[in-house]
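Architecture and fold: a report
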Amino acid sequence: MAKPVKIMETVLRDGHQSLIATRMTTDQMLPIIDKMDQVGYHAVEVWGGATFDAALRFLKEDPWERLRKIRDGFKNTKLQMLFRGQNILGYRHYADDVVEYFVQKSIANGIDIIRIFDALNDVRNLQTAVKATKKEGGHVQTAISYTLGEPYTHEYFVDLAKRMEDMGADSICVKDMAGLLVPYEAEALVKVLKENIHVPLELHTHCTSGVGSMTYMRAVEAGCDIIDTAMSPFGEGTSQPPTEVLVETFRGTEYDTGLDQNLLSEIADYFRPIRDEALASGLLNPKVLGVDINTLRYQVPGGMLSNLVSQLKDQRAEDKFYDVLNEIPRVREDMGMPPLVTPSSQIVGTQAVFNVLMGERYKMATKETKAILSGEYGQTVRPFNPEVQKKVIGDKKPITCRPADLIEPELTKLDAEIAEWKEQDEDVLSYALFPQVALDFFKHRKALREGNAPVQGDVECSVSPVK
């Protein structure tokens, strides 16, 4: 029997991450929180992903302080974050003690739901975060990185979802980062997943390829419980489908969200000037608002395509664009057919550029290519190409265990390194993830407290708070 679909709002995290490089400030968020808290969202995504890095690096804000302020404002709404498994919010695997402490502090500071995913869909890289979230009484949502390719069958996704449920997932999300999930396939996938799992199913997509709202419609009709949307000023383009559009789409049907369109309109009115200012300053590039059908043609995320163009332009080799596009699937196959998401998309794309420009495949391999072929990121759905692996890492013995099993506990050492700068327990976690960026922030914070003006250029934010 059909039931109302629930809405997870992304405007305070993925919405602005996707459109304005995560530059929305805490001061811009706080005035609208009271209204957002009245909507009746299933949850609001406010943290994780790139927000942590961007707050420290560009906005000179403490991400933990942001979370505490947002938590104070949301009295009735669950808060959600995105967590990259053993990578937490950084770009390498961290020791288990760091992962556990990060989860503990995230929940203590106000997070209710932690969405945990791994770029390779290696569930071993989710274990520590899942157990820690359970221990702290948080809601565990594990996410499947959705992608296309021969190994990625319905059977594969069902098996993955069942293993996640067995691990203790309270809900499961199909995370379609590149907008590759088309409407009728979404319907078929949701149906088969709902037949095989017993926890709520959420769908996350982006409008990059232009099909996002239609994909949500078919998914909801097939039984999807929750969809991720962004308030319209920060929706569409490379972001999520707009909240108000989906609320109106299901109004009066058995899937009616029950959300108040007048209240949503007031919230949209608040965010619109922030978007307009970002557009005027150049922070919001109009290109990210359009449809990039190449995402579906080449099964390559939009951000990865623009990165390739930029790399080739730097090398004055723009004429090699289609050669590189043809090389990407070959490199991906050599590397075990990983989903093309951060960081695997960057690794595959950059190596494809090298292969084409050098005129010989794997004549030069990036350190990330060596790491992935050494098993340092985890297990891929297919084995690596043995000839390529031999050429790149030689006689080095690849890792076959869970990569974090080889990482010694780090917290005590990290704590000692920042003793002179530490003002709160959470500082050690900021430093663990982004050592130099965090130290720069700690120095900035101290200078501000002592009444010293920050050095010119410290704050790199193009968007000023809206009063």
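Quick caveat: nothing in here was measured; it's all calculated off a predicted structure. (Residues numbered from 1 in each chain as written. Predicted model: local features only at pLDDT ≥ 70, side-chain atom pairs only at ≥ 80, totals over all residues. Heavy atoms only, no water.)

Glancing now at the overall build of the chain. Counting its secondary structure elements, the chain contains 21 helices and eight strands. Against the 2.2 N^0.38 benchmark of 23 Å for 467 residues, the chain shows a C-alpha radius of gyration of 22 Å, consistent with a compact globule. Residues counted as buried form 58% of the 467 residues belonging to the chain. Taking all contacts inside the chain whose residues are at least 6 apart in sequence as the whole, residues at least 24 apart take part in 75%. With an accessible surface of roughly 19,400 Å², the chain has 50% of that area assigned to carbon and sulfur atoms. Charge separation in the chain, taken as the distance between the mean sites of 54 positive and 69 negative side-chain charges, equals 3 Å. (Helix = DSSP H or I, 4+ residues; strand = E, 2+ residues; numbered from the N terminus. Rg over C-alpha atoms; globule rule 2.2 N^0.38 Å. Buried < 20%, exposed > 50% of the residue type's maximum accessible area, 1.4 Å probe, protein only. Contact = heavy atoms within 4.5 Å. Areas by Shrake-Rupley, 256 points an atom, 1.4 Å probe, with all protein chains shown as cover. Lys, Arg positive; Asp, Glu negative; His and termini not counted. Charge placed at Lys NZ, Arg CZ, Asp CG, Glu CD.)

Along the polypeptide, Asp112 turns up in the loop between helix H6 (96–108) and strand S4 (113–117). For Asp112, a relative accessible area of 28% corresponds to the partly exposed category. Residues Asp112 and Ala43, spaced 69 residues apart in sequence, show a C-alpha to C-alpha distance of 8.9 Å. Separated by 2.8 Å, the side chain of Asp112 and the backbone nitrogen of Leu79 make a polar contact. (Polar contact = N/O pair within 3.5 Å; in protein donor to acceptor, adjacent residues only side chain to side chain.)

Let us now look at the pattern of salt bridges. Counted according to the given criterion, the structure contains 39 salt bridges. A salt bridge links Glu266 to Lys35; its shortest N-O distance comes to 3.4 Å. On the criterion of sequence distance, the pair formed by Glu266 in helix H12 (residues 261–281) and Lys35 in helix H3 (residues 33–37) is long-range, its members being 231 residues apart. Take Glu266: its relative accessible area is 39%, and that puts it in the partly exposed class. The exposure class of Lys35 is partly exposed, given its relative accessible area of 30%. A salt bridge links Arg115 to Asp228, with the nearest nitrogen and oxygen atoms 2.9 Å apart. Of this pair, Arg115 sits in strand S4 while Asp228 sits in strand S8 (residues 226–229), and the two are 113 residues apart along the sequence. Judged on exposure class, the residue Arg115 and its partner Asp228 are both buried. If you follow the salt bridges from partner to partner, you end up with Asp62, Glu65, Arg68, Lys105, Asp425 and Glu426 in one network. (Salt bridge = Lys/Arg side-chain N within 4 Å of Asp/Glu carboxyl O.)

For helix H16 (residues 344–358), which comprises 15 residues, the first-to-last C-alpha distance of 21 Å matches the rise-based estimate of 21 Å (1.5 Å per residue) to within 8%. For H16, the secondary structure elements touched by its buried residues are helix H14 (302–314), helix H15 (321–334) and helix H17 (367–373). (Expected span 1.5 Å × (residues − 1).)

Extensive coverage of helix H4 (residues 51–59) is indicated by the burial of eight of its nine residues. Along H4, the residues that are buried comprise Thr51, Phe52, Asp53, Ala54, Ala55, Leu56, Phe58 and Leu59. Contacts from the buried residues of H4 go to helix H1 (11–20), strand S2 (43–48), helix H5 (63–73), H6, helix H20 (427–433) and helix H21 (435–449).

Our focus in this paragraph is the environment of Tyr184. Considering the arrangement of structural elements, one finds Tyr184 in helix H9 (residues 183–196). On the basis of relative accessibility, which here comes to 58%, the residue Tyr184 falls in the exposed class. With 138 residues separating them along the chain, Tyr184 and Val46 place their C-alpha atoms 31 Å apart.

Okay, the sheet that holds S8 next. Pairing is parallel in the closed barrel, where eight strands are placed in the order S1-S2-S3-S4-S5-S6-S7-S8. Pairwise comparison of adjacent strand axes, ignoring direction, gives a mean angle of 30° for this sheet. Summarising the sheet, strand S6 (residues 171–175) and strand S7 (residues 201–204) pair through four bridges and their orientation is parallel. Along S7, the bridge assignment pairs Cys173 with Glu202. (Pairing = 2+ DSSP bridges. Axes fitted to C-alpha atoms, helices over the stretch in contact; angles between N-to-C directions.)

Quick look at unusual backbone geometry now. Phi is positive for Thr22, close to 65°, though the residue is something other than glycine. The residue Thr22 is located in the loop between H1 and helix H2 (26–29) in this model. On the accessibility criterion, Thr22 (4% relative accessible area) is buried.

Next up on the list: the nonpolar core. Among the nonpolar cores identified, the biggest contains 105 residues, and Leu12, Met36, Val46, Phe83, Phe102 and Phe271 are the most heavily contacted of them. For Val46, the residues in contact, after removing those within four places along its chain, are Leu12, Arg13, Leu67, Ile70, Phe74, Leu79, Gln80 and Ile111. Among the nonpolar cores identified, the runner-up in size contains 29 residues, and Val331, Tyr377, Val392 and Ile393 belong to it. (Core = buried A, V, L, I, M, F, W, Y, C linked by side-chain atoms within 4.5 Å.)

At their nearest, the axes of helix H8 (residues 154–167) and H9 sit 10 Å apart, and the two run at 40° to each other. Our classification of the angle between H8 and H9 gives oblique. The handedness of the crossing between H8 and H9 is right-handed. Between H8, through His154, Phe157, Val158, Ala161, Lys162 and Glu165, and H9, the contact on the second element is made entirely by Glu185, Ala188, Leu189, Val192, Leu193 and Asn196. Of the residues in the contact of H8 with H9, the class split is seven nonpolar, two polar and three charged. (Parallel < 35°, antiparallel > 145°, perpendicular 65-115°, else oblique. Left-handed = near helix turned anticlockwise from the far one by under 90°. Nonpolar A, V, L, I, M, F, W, Y, C, P; charged D, E, K, R; others polar.)

A word on the confidence of the model for the chain. In the predicted model, the chain carries a mean pLDDT of 93, and the fraction of residues at 70 or more is 97%. Every residue in residues 456–467 scores below 50 in pLDDT, and together they form 29 contacts with partners more than four places removed in sequence or on other chains. (pLDDT = per-residue confidence, 0-100.)

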